[in-house]
Amino acid sequence: TAVANARLREGWPHRRFAAKIVDAPSTRYGLHWRWGDKVSAFYEGAQYDCVIRAVSVKLDGNGQESVDSRLVVQE
């Protein structure tokens, strides 16, 4: 039964968030959060416990850094 239930859960849809975490004094990438960290996401009045599963850091021609992340709801 446990194996069958695990297989069923694998096929369930997962909530995903594409997010750009706002760079502010209290949310600096590499200082306050990193890949793999657990974070909270708020969407349409609900709070979800998420894990940061992907991070992309880019530099533009002027040396300005932007950080994008992908959050996956931890279920």
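Residues numbered from 1 in each chain as written. Predicted model: local features only at pLDDT ≥ 70, side-chain atom pairs only at ≥ 80, totals over all residues. Heavy atoms only, no water.

So, the overall build of the protein chain: which residues are in play, and what are the values?
Each helix and strand counted, the protein chain has one helix and four strands in total. Each helix and strand of the protein chain, ordered N terminal to C terminal, gives the series α-β-β-β-β. Along the first, second and third principal axes, the C-alpha set of the protein chain runs to 55 × 25 × 20 Å. Relative to its 75 residues, the protein chain shows a buried fraction of 16%. Intrachain contacts of the protein chain at a sequence separation of at least 6 include 39% that bridge at least 24 residues. Of the accessible surface of the protein chain, which amounts to about 6000 Å², a share of 51% is contributed by carbon and sulfur atoms. Within the protein chain, the 9 negative side-chain charges are centred at a point lying 6 Å from the centre of the 11 positive side-chain charges. (Helix = DSSP H or I, 4+ residues; strand = E, 2+ residues; numbered from the N terminus. Buried < 20%, exposed > 50% of the residue type's maximum accessible area, 1.4 Å probe, protein only. Contact = heavy atoms within 4.5 Å. Areas by Shrake-Rupley, 256 points an atom, 1.4 Å probe, with all protein chains shown as cover. Lys, Arg positive; Asp, Glu negative; His and termini not counted. Charge placed at Lys NZ, Arg CZ, Asp CG, Glu CD.)

An account of the confidence of the model for the protein chain is needed here, citing residue identities and associated values.
Averaged over all residues, the pLDDT of the protein chain equals 83, while 92% of them reach at least 70. When mean pLDDT is compared element by element in the protein chain, helix α1 (residues 2-10) scores highest at 87, while strand β1 (residues 16-19) scores lowest at 64. (pLDDT = per-residue confidence, 0-100.)

Account for the pairing of strand β2 (residues 38-43), with residues named and values stated.
Pairing between β2 and strand β3 (residues 46-59): six bridges, direction antiparallel. By the bridge assignment, Phe42 is partnered in β3 with Gln47. The antiparallel pairing of β2 with β3 creates a hairpin that spans two residues between the two strands, and Glu44 there sits at a positive phi of about 50°. (Pairing = 2+ DSSP bridges.)

For the nonpolar core, give the residues involved together with the corresponding values.
Counting eight residues, the largest nonpolar core is built from Trp33, Ala41, Tyr48, Cys50, Ile52, Val67, Leu71 and Val73. Looking at this core, the elements with two or more residues in it are β3 and β4 (65-73). (Core = buried A, V, L, I, M, F, W, Y, C linked by side-chain atoms within 4.5 Å.)

Got a sec to walk through unusual backbone geometry? Specific residues and values, please.
Unlike most non-glycine residues, Glu44 shows phi in positive territory, near 50°. Its place among the elements puts Glu44 in the loop between β2 and β3. Glu44 sits in the exposed class, given a relative accessible area of 69%.

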